[in-house]
Amino acid sequence: MLFKLSSRNVRRSMKDYSIYFLTLVIGVCIFYIFNSLESQTAMIELTQSKRAQAKLLTEIMSYVSIFVSFILGFLIMYANNFIIKRRSKEFGIYMTLGISRNKISYMLFFETLLIGIISLVVGLFIGVLLSQGLASVTAKMFESDMSKYKFIFSKDACLKTTLYFSIMFVVVILLNFAIVSRYKLINLINNEKRSEKLKGSNLTISAVLFVLSIICLVTAYKSTLGEQLIYSDGGINCTYIALGIIGTLLFFRALAGFLIIVIQNSKNYYLKNLNTFTLRQLNSKINTHYVSMSIICIMLFIAVGMTSAGLGTKKSLEKSIQFKTPFDVSFEARKGVNGNLSELLKQNGFDVNQYSKVLVDYNLYRGDITFGEMFKNSLGEISKQQFNFIKDKNVEVLKLSDYNKLKKLKDQEQIVLKDNEVLLLSDVGRMASSIEEYLSKHKTINVNNKDFNLKKYYKYEAIYTSPMSMNMLTLIVNDKYTEGLKVSKNYLSMNLIGDEAATEENILNQLDDFERNHEDIKALGIYKSGKVESYDSSTGTANMFLYVGIYVGMVFLIAGAAVLALSQLSGANESLSRYKILRKLGVSSNMINKSIFIQVLMYFCLPIILALVHSIFGIKVANDFVKIFGDIDPVKNNLITIGSILVIYGIYFAITYNSYKRIVNSQS
């Protein structure tokens, strides 16, 4: 009997459950898709290094899924609370008819079970279908062969999704039992009347708080422009983040009253149609839910920021990896010694010539000029924090003959320098404006007590293979000017014979074994980097940033949009008596629908607008971080991210508006 009543209630209330059901389905779908990555990567051909990257990606996604499950669990409990509140009058009628609290609890148990099973099945079905597309995307991202691809159903992802969501629904069921056990008939009967009060604002306090919120937000924004948010050691200044959070909270706390002050100054608009009623409705809703609106705003900001940063990092890494790997393999001895690295290795029994068809030995020498001395008045895109980190480091010097050997190894035209000329070289894109500014201000530079004329141009290129651009600046001079200088680092770059991937793996592994048995070589601190390994590492890192960014961003987005939607629909029930009065006064359905549209639109727009304003400054910080990996097109990435988010957000808005309108028109 109770199961039959529960199933009928679910069918009858499916429209009211639409937001709840949609959110559950999307949550299940996303959870399955991103947890099926292990099965997807197992179906494609991967090299050893790519396989390691794919394994790391799946492990990270597993940890992220634990965090995501808490967000979705909170969302499900919040939505369930809305459903319970929405049906309080119905439960009151049941109790009036003599149905006990236990039977109502069991009825809710069956309803929650039905909704859970349906949403789980539908979500898994859609997730399995969409994951096939993600499998091809994953294969493309890892640049792997899809010839062995077949339809993928991840048993582990399915079981994991079922387990996590089952735990969530068990918690919800227990919560429902606790809520129903505290029900009193008198409260259920009077619940609708108690929710009719409008919560107003003290206009003076609202104005003061609004000004304070703007001060807090402007100060927090200024920190991103003034390079005060991130310390030189990579730490974050939490003071400015706290100011941003406080400013957001004060903004929504004061917003409703501030809007009234502004709109009341325009009497023609304020008194037109139902604008007074609409504004008071919105004022009450914001005052009641300003904390949740602040949290939603921050969640939307994180969604935009993480998705944009993930996409930007991937594009940056893909775009820059070829530039950063001009040779098949490079070795860097970070504790520089006199002589050539290849000869030093050969003397100890490791002959690199057996792996290479052509190689170049070259050294970097320590100059007596520091970054601080060169760029103290020419920062360009170098942040003050970064400058403080590198200002005491000496700029390094490279022989012209060694540079031309590298140019020959790249099949590029060699250069000529006059006797007292120096050419600046860097492989870090964000150094460009600083170097250009320095060249525009200076014609000469003094290095090791010798004045050199600066070339009017500089070289932007890599002189060794590495997954990251690390050569901030090198000075290229004629060979005789390096005599007597201390060797800073020894380099050896080469192009390999035979199959590049196999030979690279062989030489890197052999050198690792060789270092373990030769303490003198191990003491040099040789950093080894291959083109294939760097490319695979870059691909894996890019995929990790992209998947984590999209995964967390999507979950935060649907959580924020769902909470906004449920909050509005809860308000629809609380406001039914007011809409009944409007109808008795002769207000048309069109005017009421227009009022509802404005309320829902404003309620949805306010958090996303402030989140986008936050994102303008937050994405700047993210882009500065991404530029570590290479140059990017931040405008394109941000537009793609914001456009995608607005589409999903708009779907929630449309469903909320139609549901709100249906509740009011069917019962008022």
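Right above here is the structure, for reference.
Reading the values: the criteria
Just so you know, the residues in each chain are numbered from 1, in the order the chain's sequence is written. For a predicted model such as this one, the threshold for reporting local features is a pLDDT of at least 70, and the threshold for listing and counting side-chain atom pairs is 80 or more; totals across whole chains, interfaces and linings nevertheless cover every residue. Derived side-chain values reflect all non-hydrogen atoms in the structure, with water molecules and hydrogen atoms excluded from consideration. Each helix is a run of H or I in the DSSP string that is no shorter than four residues. Each strand is a run of E no shorter than two, and both are numbered from the N terminus. When a residue's accessible area, from a 1.4 Å probe over protein chains only, is under 20% of the maximum for its type it is buried; when over 50% it is exposed; and in between it is partly exposed. Contact between two residues is taken to exist if any of their heavy atoms lie within 4.5 Å; hydrogens are not considered. Using a 1.4 Å probe, accessible areas were evaluated by the Shrake-Rupley method; residue-level cover was limited to the displayed protein chains. Think of a polar contact as two N or O atoms within 3.5 Å of one another; within protein, one of them needs to be a possible hydrogen donor and the other a possible acceptor, and neighboring residues in sequence only count if both atoms come from side chains. For this analysis, a ring pair means two rings from Phe, Tyr or Trp (six-membered ring only for Trp) whose centres lie within 6.5 Å, classed as stacked if their planes differ by under 30 degrees, edge-to-face if by over 60, and tilted for the remaining angles. By convention a nonpolar core is built from buried Ala, Val, Leu, Ile, Met, Phe, Trp, Tyr and Cys residues, the set being connected through side-chain atoms within 4.5 Å. To get an axis, a line is fitted to the C-alpha atoms, and for a helix only the part in contact is used. The angle between two axes follows their N-to-C directions and goes from 0 to 180 degrees. An angle below 35 degrees is treated as roughly parallel, one above 145 as roughly antiparallel, one from 65 to 115 as roughly perpendicular, and anything else as oblique. For this classification, Asp, Glu, Lys and Arg are treated as charged, while Ala, Val, Leu, Ile, Met, Phe, Trp, Tyr, Cys and Pro are nonpolar and the rest, including Gly, are polar. For two strands to count as paired, DSSP must find a minimum of two bridges between them. In this scheme, a crossing is called left-handed if the near helix is turned counterclockwise away from the far one by less than a right angle; it is called right-handed if the turn is clockwise. The salt bridge definition used is simple: a Lys or Arg side-chain nitrogen within 4 Å of an Asp or Glu carboxyl oxygen.

### Focus on the overall build of the chain
Then, number 1: Of regular secondary structure, the chain possesses 23 helices and 9 strands.
Then, number 2: Per-residue burial over the chain gives 52% buried out of 668 residues.
Then, number 3: Taking the contacts inside the chain whose residues are at least 6 apart along the sequence as the reference set, 86% of them involve residues at least 24 apart.
Then, number 4: With an accessible surface of roughly 31,100 Å², the chain has 60% of that area assigned to carbon and sulfur atoms.

### Thoughts on unusual backbone geometry
Then, number 1: Positioned with a positive phi, Asp411 is a non-glycine residue whose angle comes to about 60 degrees.
Then, number 2: Structurally, Asp411 is set in the loop between α16 (400-409) and β4 (421-426).
Then, number 3: According to the relative accessible area criterion, Asp411 is exposed, its value standing at 73%.
Then, number 4: Despite not being glycine, Asn449 has its phi angle at roughly 65 degrees, a positive value.
Then, number 5: Here Asn449 lies in the loop between β5 (444-447) and β6 (450-460).
Then, number 6: Of the residues examined, Asn449 reaches a relative accessible area of 74% and is grouped as exposed.

### Some points on the side chain of Glu421
Then, number 1: Here Glu421 is to be found in strand β4.
Then, number 2: A relative accessible area of 11% places Glu421 in the buried class.
Then, number 3: For Glu421, the side chain forms a polar contact with the main-chain nitrogen of Lys418, separated by 2.9 Å.
Then, number 4: Ignoring anything within four residues of it in the chain, the contact list for Glu421 reads Phe452, Asn453, Lys455, Ile476 and Val477.

### What to know about the packing of aromatic side chains
Then, number 1: Applying the stated criterion to the full structure yields 22 aromatic pairs.
Then, number 2: Between Tyr362 and Tyr491 the ring centres are 5.4 Å apart and the planes differ by 10 degrees, which places this aromatic pair in the stacked class. Note that Tyr362 is positioned in strand β2 (residues 356-370) and Tyr491 in strand β8 (residues 487-496), a separation of 129 residues in sequence.
Then, number 3: Assessed through its relative accessible area of 1%, Tyr362 is described here as buried.
Then, number 4: In this structure Tyr491 comes out as buried when scored by relative accessible area, which is 1%.
Then, number 5: Considering the side-chain rings of Phe371 and Phe375, the 6.4 Å spacing of their centres and the 25 degrees angle between planes classify their relative orientation as stacked. Of the two residues, Phe371 and Phe375 are both situated in helix α14 (residues 371-375); the distance of 4 residues between them amounts to about one turn of the helix.
Then, number 6: The exposure class assigned to Phe371 is buried, which follows from its relative accessible area of 6%.
Then, number 7: Taken together through their ring pairs, the aromatic side chains of Phe597, Phe604, Tyr649, Phe653 and Tyr657 make up a single cluster.

### Here we look at the nonpolar core
Then, number 1: Formed by 95 residues in total, the largest nonpolar core has its most connected members in Phe165, Tyr551 and Tyr652.
Then, number 2: When neighbours within four sequence positions are excluded, Tyr652 is seen to be in contact with Ile19, Leu22, Thr23, Ile26, Ile558, Ala561, Ala562, Ala565 and Phe604.
Then, number 3: By size, the runner-up hydrophobic cluster in this structure holds 27 residues, among which are Met374, Val428, Tyr481 and Leu485.

### With respect to the environment of Leu364
Then, number 1: Its location among the elements puts Leu364 in strand β2.
Then, number 2: Judged by its relative accessible area of 1%, Leu364 is buried.
Then, number 3: Remark: the alpha-carbon pair of Leu364 and Lys399, spanning 35 residues in sequence, is separated by 7.9 Å.

### Things to note about the packing of helix α2 (residues 18-35) against helix α20 (residues 531-574)
Then, number 1: Where α2 contacts α20, the axes come no closer than 10 Å and their chain directions differ by 170 degrees. Viewed along their axes, α2 and α20 adopt a mutual orientation that is roughly antiparallel. Residues Ile19, Thr23, Ile26, Gly27, Ile30, Phe31, Phe34 and Asn35 of α2 touch α20, and the partners they reach there are Tyr547, Ile550, Tyr551, Met554, Val555, Ile558, Ala562, Ala565, Leu566 and Leu569.
Then, number 2: The residue makeup of the contact of α2 with α20, split by class, is 15 nonpolar, 3 polar and no charged.

### Thoughts on the side chain of Ser493
Then, number 1: Positionally, Ser493 belongs in strand β8.
Then, number 2: A polar atom in the side chain of Ser493 sits 2.9 Å from the side chain of Tyr362.
Then, number 3: Residues in contact with Ser493, not counting those within four places in the same chain, are Phe327, Val329, Ser330, Leu359, Val360, Tyr362, Leu409, Ile463 and Tyr464.

### Observations concerning the pairing of β4
Each regular strand displays side chains that alternate between the two surfaces of the sheet.
Then, number 1: Within β4, 6 of the 6 residues are buried, which leaves it mostly tucked inside the rest of the structure.
Then, number 2: Covered by surrounding structure in β4 are Glu421, Leu423 and Leu425 together with Val422, Leu424 and Ser426, the residues of both alternating faces.
Then, number 3: Sheet topology places β4 next to β6; 5 bridges connect them, and they run parallel. The partner of Glu421 across the bridge, within β6, is Asn453.
Then, number 4: Alignment of β4 against strand β7 (residues 474-477), held across 3 bridges, turns out to be antiparallel. If you follow Leu423 over to β7, its bridge partner there is Ile476.

### Brief notes about the sheet that holds strand β1 (residues 329-333)
Then, number 1: The strand order across the open sheet built from 9 strands is β5-β6-β4-β7-β3-β2-β8-β1-β9, with neighbouring strands paired in mixed fashion. Each of the sheet's edge strands pairs with one partner strand only, and the pair in question is β5 and β9 (526-530). If you compare each strand with its neighbour and ignore which way they point, the axes differ by 35 degrees on average.
Then, number 2: As paired strands, β2 and strand β3 (residues 394-399) are joined by 4 bridges and run antiparallel to one another. Its bridge partner lying in β3, Leu364 is registered against Leu398.
Then, number 3: Taken strand by strand, α16 contacts β2, β3, β4, β6, β7 and β8, and its axis lies near 140 degrees from that of β2.
Then, number 4: Most of the contacts of helix α17 (residues 432-441) go to β6, to which it runs at about 140 degrees, and overall it touches β4, β5 and β6.

### Digging into the packing of α2 against helix α7 (residues 155-181)
Then, number 1: At their nearest, the axes of α2 and α7 sit 8 Å apart, and the two run at 145 degrees to each other. For α2 against α7, the interelement crossing comes out right-handed. Mapping the contact onto sequence places Tyr20, Leu24, Gly27, Val28, Phe31, Tyr32 and Asn35 in α2 and Ala157, Cys158, Lys160, Thr161, Tyr164, Phe165 and Phe169 in α7.
Then, number 2: When grouped by side-chain class, the residues that make up the contact of α2 with α7 number 10 nonpolar, 3 polar and 1 charged.

### Notes on the pattern of salt bridges
Then, number 1: Applying the stated rule across the entire model yields 12 salt bridges.
Then, number 2: The residue Glu332 makes a salt bridge to Arg334 at a minimum N-O spacing of 3.5 Å.
Then, number 3: Judged by its relative accessible area of 48%, Arg334 is partly exposed.
Then, number 4: Lys405 is paired through a salt bridge with Asp402; the nearest N and O atoms lie 3.9 Å apart. Of this pair, Lys405 and Asp402 both sit in helix α16, 3 residues apart, roughly one helical turn.
Then, number 5: Among the charged side chains, a network of salt bridges with common partners joins Glu332, Arg334, Glu396 and Lys489.

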